[in-house]
Amino acid sequence: PGRGALSLGLLLPVLLGCGSAQPAGCPALCECSEPAKTVKCVNRNLTAVPPDLPPYVRSLFITGNPLTDLPAGAFPAQRLPDLASLNLSGNHLRTVEAGALALPALRQLDLSGNALVSFSPQAFGEGGSPLEELALRGTLRDQGVLLSLAALLQSGALRNLSRLELADNGLLLLPAGMFTALPALRQLDLSNNSLVGLRNVSFQGLGQLQSLNLSDNSLGVLGNSTLAQFRSLPALQHIILGHNTWVCDCAIEDLVAWLKESDQVEGKEALTCASPDKMLGKALLNINSSDLNCSVPTDLPSQLQTSYVFLGIVLALIGAIFLLVLYLNRKGIKKWMHNIRDACRDHMEGYHYRYEINADPRLTNLSSNSDV
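Residues numbered from 1 in each chain as written. Predicted model: local features only at pLDDT ≥ 70, side-chain atom pairs only at ≥ 80, totals over all residues. Heavy atoms only, no water.

1. Quick look at the packing of aromatic side chains
- All told, the structure shown has two aromatic pairs when counted by the stated rule.
- Note on Phe203 and Phe230: the rings are 5.7 Å apart at their centroids and 50° apart in plane angle, and the pair reads as tilted. Residue Phe203 is located in the loop between strand E11 (187–189) and strand E12 (211–213), and its partner Phe230 is located in helix H3 (residues 224–232); the two are separated by 27 residues in the primary sequence.
- In this structure Phe203 comes out as buried when scored by relative accessible area, which is 0%.
- Arranged with centres 5.7 Å apart and planes meeting at 35°, the rings of Phe230 and Trp258 form a pair that is tilted. With Phe230 in helix H3 and Trp258 in helix H4 (residues 253–261), this pair connects stretches of sequence that are 28 residues apart.
- Since its relative accessible area comes to 0%, Phe230 is described here as buried.
- Overall, the relative accessible area of 1% leaves Trp258 in the buried class.
- Between the NZ or CZ atom of Lys40 and the centre of the ring of Phe61, over which it lies, the distance is 5.8 Å. (Phe/Tyr/Trp six-rings, centres within 6.5 Å; stacked < 30°, edge-to-face > 60°. Helix = DSSP H or I, 4+ residues; strand = E, 2+ residues; numbered from the N terminus. Buried < 20%, exposed > 50% of the residue type's maximum accessible area, 1.4 Å probe, protein only. Lys NZ or Arg CZ within 6 Å of the ring centre and 35° of its normal.)

Written out as structure tokens, the structure is:
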């Protein structure tokens with residue numbers, strides 16, 4: 001019994017030590033689980049991506065670190081052939097270089113909570129990427145980064161993307177044609193920005209789009225062209241428009257009519273006017289034409305066009321009447337023209353006679369001789 005207790009006492013620390021040891025091939029500052037194919041490097045004060053990540057990893061979390069740059073080859077494709085989910089949120093990333101995310105199996109990428117100032121349109125490599133979900137919440141504060149992202153999306157490199165999250169970025173306007181090369185997109189989150197309009201935003205080609213979140217922005221109205229795009233998307237059944245600054249004047253009539261007939265908008269009963277003061281808090285669904293007092297036409301270009309047409313018709317009528325009057329009085333006008341011609345001829349002959357007198361020296365001397 002004594003020998004057995006001694007052996008157990010010697011063996012116990014060894015067993016405990018083996019249980020707390022890191023799996024083989026796991027970076028020193030990370031936690032690895034080979035059965036779950038997961039590596040976590042959370043709040044480890046990392047300034048660079050660990051170079052010795054295990055090749056079995058499928059889900060990688062590198063969050064809450066002072067990581068600033070992702071250079072080309074930060075995640076070697078040959079070493080990490082199965083990496084499908086990559087979470088890099090909450091770091092201090094500023095630059096993502098070309099080829100930094102060129103992973104053959106990458107399906108999910110989260111870059112939220114990073115203050116990017118440079119994002120290469122070739123970040124996913126020269127060819128297309130299999131990426132399906134991209135989260136960029138609070139990442140696009142720099143205008144140059146937004147334009148780089150737009151160039152990346154328009155290039156067709158992310159044609160498999162089905163979910164795109166662009167919330168919390170303070171966006172005022174979106175680059176034209178930003179989403180035109182995303183045929184597989186199903187969910188688009190633009191909430192909690194400062195969008196004032198969607199005039200230059202095209203949703204054409206997003207035939208698979210199911211959910212569009214536009215809540216917590218500064219939208220005052222949605223134009224006819226935008227509403228027409230919403231109607232033309234067959235799969236779009238969830239549009240979120242809450243907490244926007246709707247301006248309830250004559251320009252909102254089309255939006256109100258669309259809301260009343262459409263079943264695409266979630267919680268449309270809660271949408272209320274933010275201005276003018278007399279309409280503050282009024283539900284959009286309860287607005288009638290009489291409430292808006294549309295004394296001034298809202299469609300000014302068409303009104304001006306109508307005015308120009310009317311003015312042209314009036315001028316044409318005046319011209320026709322003038323020509324008719326001339327035709328009916330052609331004899332009197334002809335006689336009047338002859339009289340004017342004769343009067344001008346007599347007048348010119350008088351001038352000519354005076355000129356001849358003044359030009360003859362004999363008549364000049366005669367007129368100057370006082371004796372004669």
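2. Digging into the UniProt feature "domain: LRRNT" (unreviewed entry) in the protein chain
- Taking the numbering used here, the UniProt-annotated feature "domain: LRRNT" (unreviewed entry) corresponds to residues 25–59.
- A helix fraction of 0% and a strand fraction of 26% characterise residues 25–59, whose end C-alpha atoms lie 16 Å from each other. (UniProt positions renumbered as here; feature names shortened; annotations may be inferred.)

3. Describing H3
- By the burial criterion, the buried members of H3 are Thr226, Leu227, Gln229 and Phe230. Within H3, the buried residues cover an arc of 155° as seen down the axis, which keeps them to one side.
- Contacts made by the buried residues of H3 are with E12, strand E13 (238–240) and H4. (Arc of directions from axis to C-beta. Contact = heavy atoms within 4.5 Å.)

4. A closer look at the state of the cysteines
- As enumerated under the stated definition, the model contains three disulfides in all.
- Across the disulfide from Cys26 sits Cys32; the S-S distance is 1.9 Å. Taking the sign of the S-S torsion, about 80° here, the bridge from Cys26 to Cys32 comes out right-handed. Of the two residues, Cys26 and Cys32, neither departs from the other in class, the shared state being buried.
- For Cys248, the disulfide goes to Cys273, at an S-S distance of 1.9 Å. Across the disulfide from Cys248 to Cys273, rotation about the S-S bond amounts to roughly -95°, and the bridge is consequently left-handed. Of this pair, Cys248 sits in the loop between strand E14 (246–247) and H4 while Cys273 is found in strand E16 (residues 273–275), placing the two residues 25 residues apart along the sequence.
- The buried category is assigned to Cys248, whose relative accessible area is 3%.
- With relative accessibility at 3%, the residue Cys273 sits in the buried group. (Disulfide = S-S within 2.5 Å.)

5. A closer look at the pattern of salt bridges
- Per the counting criterion, the structure on display carries seven salt bridges.
- In this structure, the salt-bridge partner of Glu261 is Arg231, at a minimum N-O distance of 3.5 Å. Residue Glu261 is found in helix H4, and its partner Arg231 is found in helix H3; the two are separated by 30 residues along the sequence.
- You can call Glu261 exposed: its relative accessible area is 58%.
- The class of Arg231 is partly exposed, set by a relative accessible area of 47%.
- What you see here is one network of salt bridges that share partners, running through Arg137, Arg163, Glu165, Asp168 and Asp189. (Salt bridge = Lys/Arg side-chain N within 4 Å of Asp/Glu carboxyl O.)

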